[in-house]
Amino acid sequence: MDSIVLLGHGSHLNPNTSATVHAHADRMADQAGDVHVTAGFWKEEPAVADVGRTVPPGDCYIVPVFISEGYFTEQVIPRELGLGSAWPGSWTAVDGDIVCADRSDGAGTWWYCRPVGTHESMADVIVSRAESVTGREDVGSGTALAVIGHGTERNPRSASVIQRHAETIRRRDRFAEVITLFLDESPYVADLTDHITVDEVVVVPLFIANGYHTTEDIPASLGITADDGTWPVPAIADGRQVWYAGAVGTEPLIAEVAATLARTAGAAIGPIP
Amino acid sequence: MIDQQVEALRDAARDGIDYDGLCVERTADGYRVGVDDSVEAIDGAALPAWVERHRQYVDNWWFFARVVDDERPFVVPFLRWLERAETTAVPARYRELRAGITRSWGQLRITVTCTDGHRRYAIVHTADVDRDTESLTSYDDPAAATDLARFDDADRYRPLKSAPTLRSGWAFPALSAAEAVEVIDRFYPVSIANWYAERAGDLDVRHFRETAARQSGIYRVVESIPAAGVRAITSACCSDEMCLKRRRWELDGETDLDVPAGDGRIPCREPCSLYLEAARTFAPMTNEAPPQLPDAVRTAIVDLCTELDEDGPRTNRVGAMDEPDNPYRIRFLRSWIAASTRREKGVDADSEQPDDDH
Ligand code: SF4
């Protein structure tokens, strides 16, 4: 029997981190027919190291719910699955970006997909987020789009994922401007209004779940935090209208991105509405 | 349903059935059938009437062998355990199932009932067993269990699902077997699989040193914690007041930690993520031997920590080990300070100081 496991980071402090992943897994399970769908976490239960034993024997499609490839997807997850932390180590490359390995429990095959954040369709998810936060299906003309990433010198790939999605959206000529900003590298989030020329901007952080960065750090850097710690939507900053969308990872469409990755690797799961 | 059962029985009889006292075997001119060793030979046409006379035996087989359709090896053994199938014969069990057979699992009470051949599973919090079901909020979607498990009664986030802080006031009054397994696995992830592995004698226990050795990044530091530190962290995190799992791992394959493992039914096979978080946070404090304090000072600190611990968490962030009023931190400090007493008594095998130091 096929199974799909969504793997997330989880948190000892922030309930939203795993709740987001569970919500996507539940959305997928509703459409999965005979495919067993479950979630696992690095910092919560079921632990990555244990999740394999809760799924049926057979092909198991593992989809990391992370923004980019890096330390977690290439070291921690393989190691916790029992395959060692060398990358690609015992994983064999199949078509495209899919790698597979014998399950360390001997019960079948692990098909390891790319993290959801790296999939091309994330560009659509970002745009969909911009539509839902503004309530305008045609949002774009006269409006800038700012995609925000963590950015980190330790893992340059996290910034390049953001740039790639921004470039995809830019080529569609839908928004007046598409820019990328980062928390810990230049161009910085706090300088948003220096980088746009129009009066209205939609800000979409490419984060998996809402937490400190998306609910405190970014709104404060944007200068839109109200006294009670929330922010108005839209807010006004530096004379510009700012639609701040919160973590894109909570967008229901993410379940379809995860399903697409699993489907491409061979899982029999239909489209997620 | 009886037609389906007869059909399934005919089908399975080719390989022979021997299940909880029910025996059915295909023969050249019919079937050899029996319950509890009273075997008879009947012809094929008589099978439906025979099934009718032995409904409970057939139903019992039908349920576990056909209705429960799950390839995961732990599911059927667990469902059988829930109704004490290994120790109660079919007629007595079916009698008991009319009123319901109840088992506990962590802070869950699970009651199986079977009327008209339909098993139903009701799950409530152990604290709610005597409450009227009407006063509890009822759920039928297993996914609700994940949300219920997220916060305690005081709305504090629960980073450890096996902490004895499951919120009460809810009920899953009528679940199917598959739904019950899912609900239990959402409240206590992987608990059934690990329980089953332990029962089968192949739980893959990873001792502290093994788990520590494979850590990387911010968790690498746990590798260097001395045995006395591991002991203090373990008694802070893993005792029944903090976690309902029963710790199966020790310091390493040879050295026991000499800390109570807990009485829970659910085995813990390796230090969990929250434990590693505690370990990495407290590691710097364990680099030196426990402080030698004057008796009165030590007793005062230990008493203070005990009182703070008994008051319950004063913070909403039970996973924030670095905050001064964190419950794990308070418990760790108590164990660590108290460890100096152990050393004086010569209990601490790691102590570099001679036992007659004072
Ligand atoms: S390591 Fe300790 S706290 Fe963590 S699950 Fe096991 S027994 Fe519980």
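Because the structure is predicted, anything quoted here is derived from the model rather than measured.

Draft legend 1. Molecular detail of the packing of helix 1 (residues 2-13) of chain B against helix 3 (residues 55-67) of chain B. Residue and element names in this part refer to chain B. Two elements in contact, helix 1 and helix 3, have axes separated by 11 Å at closest approach and are oriented at 75 degrees. Here helix 3 runs roughly perpendicular to helix 1, going by the angle between their axes. Where helix 1 approaches helix 3, its residues Ile-2, Gln-4, Gln-5, Ala-8, Leu-9 and Ala-12 are matched on the opposing element by Arg-55, Val-58, Asp-59, Trp-61, Trp-62 and Arg-66. A breakdown of the residues in the contact of helix 1 with helix 3 according to their chemical character gives seven nonpolar, two polar and three charged.

Draft legend 2. How the structure looks around the sheet that holds strand 8 (residues 137-138) of chain B. Residue and element names in this part refer to chain B. Read from one edge to the other, the open sheet built from five strands follows the order 5-6-7-9-8, with strand pairing classed as mixed. The open sheet has two free edges, formed respectively by strand 5 (101-105) and strand 8, since each of these has just one partner strand. In this structure, strand 5 lies alongside strand 6 (residues 108-115), joined through five bridges in antiparallel fashion. Within strand 6, the position partnered with Thr-102 by the bridge is Thr-111. Across the face of the sheet, helix 3 comes into contact with strand 6 and strand 7 (118-125) while running at roughly 65 degrees to strand 7. Docked against the sheet, helix 7 (residues 177-187) engages strand 5, strand 6, strand 7 and strand 9 (170-175), running at close to 155 degrees with respect to strand 9.

Draft legend 3. Inspection of the interface of chain A and chain B at higher detail. With 27 residues of chain A in contact, the opposing surface of chain B contributes 34 residues. When chain A packs against chain B, the two sides together hide about 2,500 Å² of surface, and 50% of this comes from carbon and sulfur. A per-residue breakdown of the area chain A buries against chain B is headed by His12(A), Glu45(A) and Arg53(A), which together make up 30% of the total. In this structure, the connection of chain A to chain B is made through six salt bridges. Note that Asp204(B) and Arg53(A) form a salt bridge whose closest N and O atoms lie 2.8 Å from each other. The interface formed by chain A and chain B includes 18 residue pairs in polar contact (both at pLDDT 80 or more). The dominant element in the side of chain A that touches chain B, judged by the number of residues it contributes, is helix 1 (residues 15-30) of chain A, at five residues.

Draft legend 4. Molecular detail of the site of the ligand. In the vicinity of the ligand, the contacting residues are Cys237(B), Cys238(B), Cys243(B), Lys245(B), Trp249(B), Cys268(B), Pro271(B), Cys272(B) and Tyr275(B). The residue inventory of the shell around the ligand, partitioned by class, reads eight nonpolar, no polar and one charged.

Draft legend 5. Quick peek at the environment of Tyr188(A). Residues and elements named next belong to chain A. Mapped onto the elements, Tyr-188 comes out in the loop between strand 8 (177-182) and strand 9 (200-205). Residue classification places Tyr-188 among the partly exposed positions, given a relative accessible area of 37%. The residues contacting Tyr-188, other than those within four sequence positions of it, are Leu-181, Phe-182 and Leu-183.

Draft legend 6. The arrangement of helix 3 (residues 71-80) of chain A in detail. All names here are of chain A. Burial within helix 3 is extensive, with eight of its 10 residues counted as buried. Residues of helix 3 that are buried include every one of Phe-72, Thr-73, Glu-74, Val-76, Ile-77, Pro-78, Arg-79 and Glu-80, and no others. Contacts made by the buried residues of helix 3 are with strand 1 (3-8), helix 2 (48-51), strand 3 (58-64), strand 6 (108-112) and helix 5 (156-171). Positive backbone phi, approximately 95 degrees, marks Gly-82, located one or two places after helix 3.

Draft legend 7. Quick look at the pattern of salt bridges. Under the definition given, this model contains 45 salt bridges over all chains. Residue Arg80(B) pairs with Asp20(B) through a salt bridge whose shortest N-O separation is 2.8 Å. Residue Arg80(B) is located in helix 4 (residues 75-82), and its partner Asp20(B) is located in the loop between strand 1 (17-19) and strand 2 (22-27); the two are separated by 60 residues in the primary sequence. Note on Asp20(B): relative accessible area 25%, which makes it partly exposed. Several salt bridges share partner residues, and in doing so they unite Asp50(A), Arg53(A), Arg79(A), Glu80(A), Asp204(B), Arg214(B), Arg269(B) and Glu270(B) into one network.

Draft legend 8. Structural context of the nonpolar core. With 61 residues, the main nonpolar core has Leu22(B), Trp105(B), Leu108(B), Ile123(B), Phe172(B) and Phe187(B) as its most contacted residues. In this structure, Val125(A), Ala130(A), Ile169(A) and Leu261(A) belong to the second largest nonpolar core, which totals 56 residues.

Draft legend 9. Quick peek at the side chain of Arg80(B). Note on Arg80(B): relative accessible area 7%, which makes it buried. Ignoring sequence-local partners within four residues, the contact set of Arg80(B) consists of Tyr19(B), Asp20(B), Phe64(B), Ala85(B) and Glu86(B).

Draft legend 10. Seen up close, helix 5 (residues 90-99) of chain B. Residues and elements named next belong to chain B. Within helix 5 the residues assigned to the buried category are Val-90, Arg-93, Tyr-94 and Leu-97. End-on, the buried residues of helix 5 take up no more than an arc of 100 degrees, which puts them together on one face. Exposed side chains of helix 5 directed beyond 90 degrees from the buried face belong to Arg-95, Arg-98 and Ala-99. Considering only its buried residues, helix 5 is in contact with helix 3, strand 5, strand 6 and strand 7. Backbone geometry just downstream of helix 5 places Gly-100 in the positive-phi region, at approximately 115 degrees.

Draft legend 11. How the structure looks around empty space enclosed by the protein. Evaluated as defined, the whole model comprises five cavities of 30 Å³ or more. In this structure, the largest cavity encloses a volume near 320 Å³. Ala47(A), Glu270(B), Pro271(B), Cys272(B) and Ser273(B) are, among the 30 residues lining the largest cavity, the residues nearest its centre. Elements with a contribution of two residues or more to the lining of the largest cavity: helix 2 of chain A together with strand 11 (267-268) and helix 11 (273-282) of chain B. For the lining of the largest cavity, a count of residues per class yields 16 nonpolar, five polar and nine charged. The space that makes up the second largest cavity amounts to roughly 130 Å³. In this structure, the second largest cavity is lined by 13 residues; those nearest its centre are Leu160(B), Cys238(B), Cys243(B), Cys268(B) and Cys272(B). When contributions to the lining of the second largest cavity are tallied by element, the ones reaching two or more residues are strand 10 (246-247) and helix 11 of chain B. Class assignment of the residues belonging to the lining of the second largest cavity gives a composition of nine nonpolar, one polar and three charged.

About the thresholds
Residues numbered from 1 in each chain as written. Chains lettered and ligands numbered in written order. Predicted model: local features only at pLDDT ≥ 70, side-chain atom pairs only at ≥ 80, totals over all residues. Heavy atoms only, no water. Axes fitted to C-alpha atoms, helices over the stretch in contact; angles between N-to-C directions. Helix = DSSP H or I, 4+ residues; strand = E, 2+ residues; numbered from the N terminus. Parallel < 35°, antiparallel > 145°, perpendicular 65-115°, else oblique. Contact = heavy atoms within 4.5 Å. Nonpolar A, V, L, I, M, F, W, Y, C, P; charged D, E, K, R; others polar. Pairing = 2+ DSSP bridges. Buried area = accessible area lost by both parts, 1.4 Å probe. Salt bridge = Lys/Arg side-chain N within 4 Å of Asp/Glu carboxyl O. Polar contact = N/O pair within 3.5 Å; in protein donor to acceptor, adjacent residues only side chain to side chain. Near = heavy atom within 4 Å. Buried < 20%, exposed > 50% of the residue type's maximum accessible area, 1.4 Å probe, protein only. Core = buried A, V, L, I, M, F, W, Y, C linked by side-chain atoms within 4.5 Å. Arc of directions from axis to C-beta. 1 Å grid on protein atoms, 1.4 Å probe; cavity = no way out; pocket = protein on both sides within 12 Å on 5 of 7 lines; lining within 4 Å. Points joined across faces, edges and corners; volume = space filled by probe spheres on them.

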